[in-house]
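Examination of the molecular architecture
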Amino acid sequence: MSGVFIISAPSGSGKSTLVNKVREIVPGLKFSISYTTRPPRAGEENGREYFFVSRAEFEEMMRKDDFLEYADVFGHYYGTARNFLSLAQQEGKDLLLDIDVQGAAQIKGKIPEAVSIFILPPNRQELEKRLRTRSLDAEAVIQRRLVTASREIENYGKYDYILVNDRLDESIDALKSILLAERRKQAGVHGQRQESADDTNLMTKAERCRLENVRQRLQPILASFAQATSGR
Ligand code: ADP
Ligand code: 5GP
């Protein structure tokens, strides 16, 4: 193993929900815990969701070249520590990165074989509803996240797979299929195993989410964001 999976999504699309779920059902994944200068939200714990550090501490890590990638997101630094990649390699696990579009581009530049997945909401209205029902953020923050979402979504074409998170159970199954299908491909490349009926099923489900196979389906989603932006 020891592949790298990158997952990005506009805030509120359901990325944390999906990632937490697949971490329970797909063995052999190491989740990278990022460093951030943003303050912890209620219920977040240092070392669980993130390592919460000061700007000075983060900048010191930048100077020491401790990051595989880092970016400024919503005015705070976020970064992936290099040591998570070495730990995943030592443990023979695949590294799972939950990072933004800037970080994803940096990782793809350094590790071209990394597999990237972009999660989208079914439309802008549903994203707004999810941001509200999650009720973690103030109204102004929700509005800012919606504007940022429109910008982030424009980057969908840089990802290998696109997952439209409409029905949660289907999305969990699709994400699981992508991870397992990519693993099978790697195993196949190294000639370790033959393809079974299960493998074919996984591959088919994963293929449905391949960028080139979802372009058509994305048009109404992209339009729902474009209309809202032009209406401002
Ligand atoms: P993100 O990590 O992308 O910011 P969350 O996982 O926190 O998003 O999800 C945002 C909200 O949407 C949460 O309240 C979550 O329970 C809900 N949610 C996630 N996926 C779905 C789905 N497929 N259908 C309906 N609600 C969902
Ligand atoms: P939040 O503050 O809501 O937890 O995360 C905000 C954004 O930062 C999300 O899009 C998340 O994927 C991204 N993010 C989290 N950790 C990292 C990281 O280490 N690097 C980068 N580039 N983005 C990150």
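Keep in mind that this is a model prediction, so the values were computed, not measured.

Some remarks on helix H1 (residues 15-25)
Those residues of H1 that sit buried are Lys15, Leu18, Val19 and Val22. Buried positions in H1, seen along its axis, are confined to an arc of 95° and lie on one side of it.

Observations regarding the sheet that holds strand S8 (residues 115-120)
Strands sit in the order S2-S7-S1-S8-S9 across an open sheet of five strands; the sheet is parallel. Edge positions in the open sheet fall to strand S2 (29-31) and strand S9 (161-164), since each of these has one partner strand only. With direction set aside, neighbouring strand axes in the sheet form an average angle of 25°. Looking at chain direction, strand S1 (residues 4-8) and S8 are connected through four bridges and run parallel.

Re the site of ligand 2
The immediate surroundings of ligand 2 are formed by 16 residues, with Ser34, Arg38, Tyr50, Glu69 and Tyr78 found nearest. Side-chain polar atom of Lys15 to an oxygen atom of ligand 2: 2.7 Å apart, as the coordinates give it. In this structure, Tyr78 approaches ligand 2 through a side-chain N or O atom, which is 2.5 Å from an oxygen atom. When ligand 2 sits alone it has 510 Å² of accessible area, and the protein chains cover 92% of it.

So, the site of ligand 1
Within the structure, ligand 1 sits among 13 residues, and Gly12, Lys15, Ser16, Thr17 and Arg134 are positioned closest to it. Within the backbone of Lys15, a nitrogen or oxygen atom sits 2.8 Å from an oxygen atom of ligand 1. Side-chain polar atom of Asn165 to a nitrogen atom of ligand 1: 2.8 Å apart, as the coordinates give it. Contact with the protein chains removes 76% of the 570 Å² of surface that ligand 1 exposes when unbound. For the shell around ligand 1, the secondary structure elements donating two or more residues are H1 and helix H5 (124-134). With three residues, H1 is the single largest residue contributor to the shell around ligand 1. Along the lines of polarity and charge, the residues of the shell around ligand 1 split into two nonpolar, seven polar and four charged.

Things to note about the side chain of Ser8
With respect to the element layout, Ser8 can be found in strand S1. By relative accessible area, Ser8 is classed as buried at 0%. Beyond its immediate stretch of four places on either side in the chain, Ser8 contacts Lys15, Ile99, Asp100, Val101, Ala104, Ile117, Phe118, Ile119 and Tyr159.

The rules behind each value
- Residues numbered from 1 in each chain as written.
- Chains lettered and ligands numbered in written order.
- Predicted model: local features only at pLDDT ≥ 70, side-chain atom pairs only at ≥ 80, totals over all residues.
- Heavy atoms only, no water.
- Buried < 20%, exposed > 50% of the residue type's maximum accessible area, 1.4 Å probe, protein only.
- Helix = DSSP H or I, 4+ residues; strand = E, 2+ residues; numbered from the N terminus.
- Arc of directions from axis to C-beta.
- Pairing = 2+ DSSP bridges.
- Axes fitted to C-alpha atoms, helices over the stretch in contact; angles between N-to-C directions.
- Near = heavy atom within 4 Å.
- Polar contact = N/O pair within 3.5 Å; in protein donor to acceptor, adjacent residues only side chain to side chain.
- Areas by Shrake-Rupley, 256 points an atom, 1.4 Å probe, with all protein chains shown as cover.
- Nonpolar A, V, L, I, M, F, W, Y, C, P; charged D, E, K, R; others polar.
- Contact = heavy atoms within 4.5 Å.

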